[in-house]
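Fold and contact review
Now for the letters of each chain:
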Amino acid sequence: MPRQTCEGNCGKTLDLCSCHSTCTSLGNCCTDYREYCVEILPYSGSILGGTDFIVLNATFNNSSEIVCRFHDNIKTEGYVDETSRGHCISPLLYETGWVPLSISSDNGTTFNRTGAWLSVHTGKLDAKFKAILVNSTKWQYYGTTDVRGNLEMTWNTSLVRAERVNIELWGYRETGEPYTDSWLGEWAYLYSLAKDQPNSGSFSFLPKPAENGFSSWELGSLRISPSIYPDGMNVQAAWTEDHALAWHLEEKFRQNSTVWALDKCVAWDQLENELPNFLSEIIDCPCTLAQARADTGRFHTDYGCDIEKGSVCTYHPGCVHCVRAIQASPMYAAGQQCCYDSTGAQVLTADSIGGSTPDRAHDWGSPPFKKPPRIPGQSHWVYDVLSFYYCCLWSDNCHFYFKHRPSSDCRRYKSPGSAVVFGDPHFITFDGVSYSFNGFGEYTLVTSFAKGLTIQGRTEPVNGTVKATQLTSVAMQETPSDIIEVRLVSGHNGLEVLQNQKTLSFSEQSWMDLHGVYVFSPTSSNVTVIFSSGAGVEVRLREGTMTTTVLLPEEFIDTTMGLLGKMNGDPKDDLALTNGELVQNLTNPEEVFSFGAGWAISNQSALFTYDSKYLFDTFLYAPRHDASFLPVFSVLENPNDPLANQTSEICSGPGSQFCRYDILVGRSPRMGNASKISYQSHISLEEDLKPVISCGWFSPPSNGKKEGTTYLQGAKVNLSCNEGFTLTGPSLRVCQWDGVWSGGDTNCVVPSMNKL
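Keep in mind it's a predicted model, so treat the numbers as computed, not measured.

1. A word on the overall build of the protein chain
Each helix and strand counted, the protein chain has 13 helices and 40 strands in total. Its C-alpha radius of gyration of 30 Å places the protein chain within 12% of the 27 Å reference for a compact globule of 756 residues. A total of 756 residues make up the protein chain; the buried ones form 55% of that total. The contacts in the protein chain between residues at least 6 apart in sequence include a share of 60% that link residues at least 24 apart. Only carbon and sulfur atoms are counted for the fraction: they give 51% of the accessible area of the protein chain, which is about 32600 Å². When the 55 basic and 82 acidic side-chain charges of the protein chain are each reduced to a single mean position, those positions are 2 Å apart.

2. Observations regarding the side chain of S418
Mapping S418 onto the fold places it in strand β22 (residues 417–422). A polar contact of 2.4 Å, which involves the side chain of S418, links it to the side chain of E686. With near-sequence residues (within four places) excluded, S418 lies in contact with T429, F430, V550, L551, H682, L685, E686 and L689.

3. Structural notes on the pairing of strand β7 (residues 86–89)
Here β7 shows no split at all, with G86 and C88 on one side and H87 and I89 on the other all buried. When strand β6 (residues 79–80) meets β7, the two strands line up antiparallel, connected through two bridges. Paired with Y79 across the two strands is H87, which belongs to β7. Connecting the antiparallel pair β6 and β7 is a turn made up of five residues, with S84 showing a positive phi of about 65°.

4. Thoughts on the packing of helix α5 (residues 257–274) against helix α7 (residues 378–393)
Remark: α5 packs on α7, axes separated minimally by 8 Å, with the N-to-C direction vectors making an angle of 135°. By the angle between their axes, α5 is oblique relative to α7. Seen along the crossing, α5 lies across α7 with a hand that is left-handed. Facing α5, whose interface residues are W260, A261, L262, K264, C265, W268, L271 and E272, α7 presents Y383, S387, Y390 and C391. A per-class count over the contact of α5 with α7 returns nine nonpolar, one polar and two charged.

5. Here we look at the sheet that holds strand β23 (residues 426–428)
Across the sheet, eight strands lie side by side as β24-β23-β22-β35-β34-β33-β32-β31; this open sheet has antiparallel pairing. The sheet terminates laterally at β24 (434–436) and β31 (511–513), the two strands that pair on one side only. The sheet shows a mean angle of 15° between the axes of neighbouring strands, taken without regard to direction. Where strand β34 (residues 536–542) and strand β35 (residues 545–552) come together, seven bridges link them in antiparallel fashion. In the sheet register, V539 faces β35, and the bridge partner there is T548. Set on the sheet, helix α13 (residues 669–688) makes contact with β22, β23, β34 and β35; between it and β22 the angle comes to about 180°.

6. A word on the packing of helix α12 (residues 656–664) against α13
The geometry of a pair of packed helices is captured by two quantities: the angle between their axes and the separation between those axes. The N-to-C vectors of α12 and α13 enclose an angle of 165°; their axes lie 7 Å apart at closest approach. Put simply, α12 runs roughly antiparallel to α13. The two elements α12 and α13 meet at a crossing, and its hand is right-handed. In this structure, α12 contributes F658, C659, D662 and I663 to the contact, and α13 contributes P669, M671, G672, S675, K676 and Y679. Broken down by class, the residue content of the contact of α12 with α13 amounts to six nonpolar, two polar and two charged.

7. Re the side chain of E460
By the element assignment, E460 lies in strand β26 (residues 453–461). Residues contacting E460, with those up to four places away along its chain left out, are F440, A468, T469, Q470, T472, Y614 and F619.

8. With respect to the UniProt feature "domain: VWFD" (unreviewed entry) in the protein chain
The sites that carry the UniProt feature "domain: VWFD" (unreviewed entry) are, in the present numbering, residues 417–607. A distance of 24 Å separates the end C-alpha atoms of residues 417–607, which is 5% helix and 43% strand.

9. Focus: the environment of L488
Its place among the elements puts L488 in strand β28 (residues 484–488). Given the relative accessible area of 11%, L488 is considered buried. Taking the C-alpha atoms as reference, L488 lies 38 Å from W239; in sequence the two are 249 residues apart.

10. Digging into the state of the cysteines
The full count for this structure, using the stated rule, is 14 disulfides. Two residues share a disulfide in this structure: C322 and C339, whose sulfurs sit 2.1 Å from each other. Its torsion about the S-S bond being 110°, the disulfide of C322 and C339 is classed as right-handed. One end of the pair, C322, is in strand β19 (residues 321–325); the other, C339, is in strand β20 (residues 335–340), and 17 residues separate them in sequence. We note that C322, like C339, is buried. With a sulfur-sulfur separation of 2.0 Å, C651 is cross-linked through a disulfide to C659. Here C651 and C659 share a disulfide; its torsion about the S-S bond, -70°, makes the bridge left-handed. We note that C651, like C659, is buried. Not part of a disulfide, C319 finds its nearest cysteine sulfur in C339, a span of 4.7 Å.

Thresholds applied
- Residues numbered from 1 in each chain as written.
- Predicted model: local features only at pLDDT ≥ 70, side-chain atom pairs only at ≥ 80, totals over all residues.
- Heavy atoms only, no water.
- Helix = DSSP H or I, 4+ residues; strand = E, 2+ residues; numbered from the N terminus.
- Rg over C-alpha atoms; globule rule 2.2 N^0.38 Å.
- Buried < 20%, exposed > 50% of the residue type's maximum accessible area, 1.4 Å probe, protein only.
- Contact = heavy atoms within 4.5 Å.
- Areas by Shrake-Rupley, 256 points an atom, 1.4 Å probe, with all protein chains shown as cover.
- Lys, Arg positive; Asp, Glu negative; His and termini not counted.
- Charge placed at Lys NZ, Arg CZ, Asp CG, Glu CD.
- Polar contact = N/O pair within 3.5 Å; in protein donor to acceptor, adjacent residues only side chain to side chain.
- Pairing = 2+ DSSP bridges.
- Axes fitted to C-alpha atoms, helices over the stretch in contact; angles between N-to-C directions.
- Parallel < 35°, antiparallel > 145°, perpendicular 65-115°, else oblique.
- Left-handed = near helix turned anticlockwise from the far one by under 90°.
- Nonpolar A, V, L, I, M, F, W, Y, C, P; charged D, E, K, R; others polar.
- UniProt positions renumbered as here; feature names shortened; annotations may be inferred.
- Disulfide = S-S within 2.5 Å.

Rendered as structure tokens:
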């Protein structure tokens, strides 16, 4: 029988062996699996390209001529090093996320090795992988009043393996008619600031206006590349952050930057008047910072203004934290940004230059990427950031900018519903019903046929002697997205994430753009999965146990079923069987257990990965609910129990019944403590997500002013008039419970002269 090979078969299971990613743990890989289904190191790098990565485990020789192909059309030249390892150089791309990679060792005749490369937005890339603009403010204001002198940049010399380097300027621009097929984005090599410089890790220069018309390029990035290569070639290189190229603009800018910028601002204003209005289709901002940080299915920290990294908010002075809507708007791929001050109140552009601003192009881009306005980072720069420089930073004409980029207030914002599973599985449904279900098997936590969302949970016994179970894996999909599974690693000291049955490594990047889903994992105990609908699933590891929180936006109301209940505000119908019948007695643990068992999944619907003999035998080839496993249903308090004192110390206050069960039945003070923390976290989350009433922004009276920039229930705004005017109407207005400001209109009038 001919030998079976993985050449051309990666991802498939063959008759005699496997080329599927699960083969390494199952021990049934074809002998050449690692040769053709390649892993690479590093697996990620800047969207701008220039990262040198090694092809692991594959064998090459000195005569190999390596060509690396990204997608089916972007080819770069690789090389073989002195230890016979193959290398590729990542290309400049116009998309983020995993890009299919194939590798040829015969100069492009056959591409028989396959893998994937992760392209990363420059703003999400760790600073150690970038060249740094020293005093970046000076770079971006260079040429404006009193900003002159040398500019300096630094880089880690190991990013460019060369003794001598060139300092190249690359520019970005978009051409063609917006929102038509002719609309294109373009990166281009412009010119070199210096050539054949020592690779010392720093470069300083005195900028001068660009020649040959290059000053018309207003956005770009500097690249440090080995000087042995021709200009602009795809080689190992380090890039700076993309930035406004103030320092190379024409002489007219330096002579009077304010007038130059105003002309640009007015031209942008006229262009915006002709472009379609995207504001009506973007999501409203959360009303408070607490809501914004809790709604993880729809909003994520804006890397340019992060409270956990010192609140360096260059474009949002007066704010401590901003979030961005994760999904771009459906038609125009627009973005939403929401910023908050130290009191937790949303900051609005009508009150402050630092206010929240919507974006014509989402900063993080959006699928299918590659063309404006969906190109990550750059489209946003062209339409939303350069214009901010023109109107607000290089001139004092912000009223033009905010006319087209007004803050959305939060009057249409609706908090998501939340539900949680924790400990020896304890459940709190979307409508607040709490119960415990200690089945052993795989079950539906949430299903929504209307939205195509399915979330499944696997439970296993705590150990061989305890008659209680715990959650060990959660698998989920929002059709047609990738399937994501988050499971406990053996030893229960970390979480493992799988995408379509293949393990994802977060050793280099904490955020990944996948198909129809995003995954954020800043640590091995913290994973958040975000679907296109705005559904979010937070998985946290506490004391060796998994806590899973599901957040669903209002569109899911009346569409959900499963162990986490119907999300409709009515707790009475939460525990419904698959046929719609309701549990009659929530206090009867046997009846609740029977309800839970009824939500066991079928073989056909299973989303889990089975990559060990144990998983095959226990779940895949066995009933999905183990009817032979009968848990302990209730806690028998025994003062002589050696854990009784610890239970009293750890378990107190609301939710203590879960903690007590996990210690006295689960025999684990650690798990009991974790359950206590998980319960408190859920109550805190519910508090953060509580709806708040907003009365909306209102303007000060003409010829007057107002004090107060908070517009939520109970907020007070004082109104007064400029000198020479008299106030008519209320001087104090209060935001009332019904979302309406108290009092009538306030005006400032010229006092009438008394007749003699």
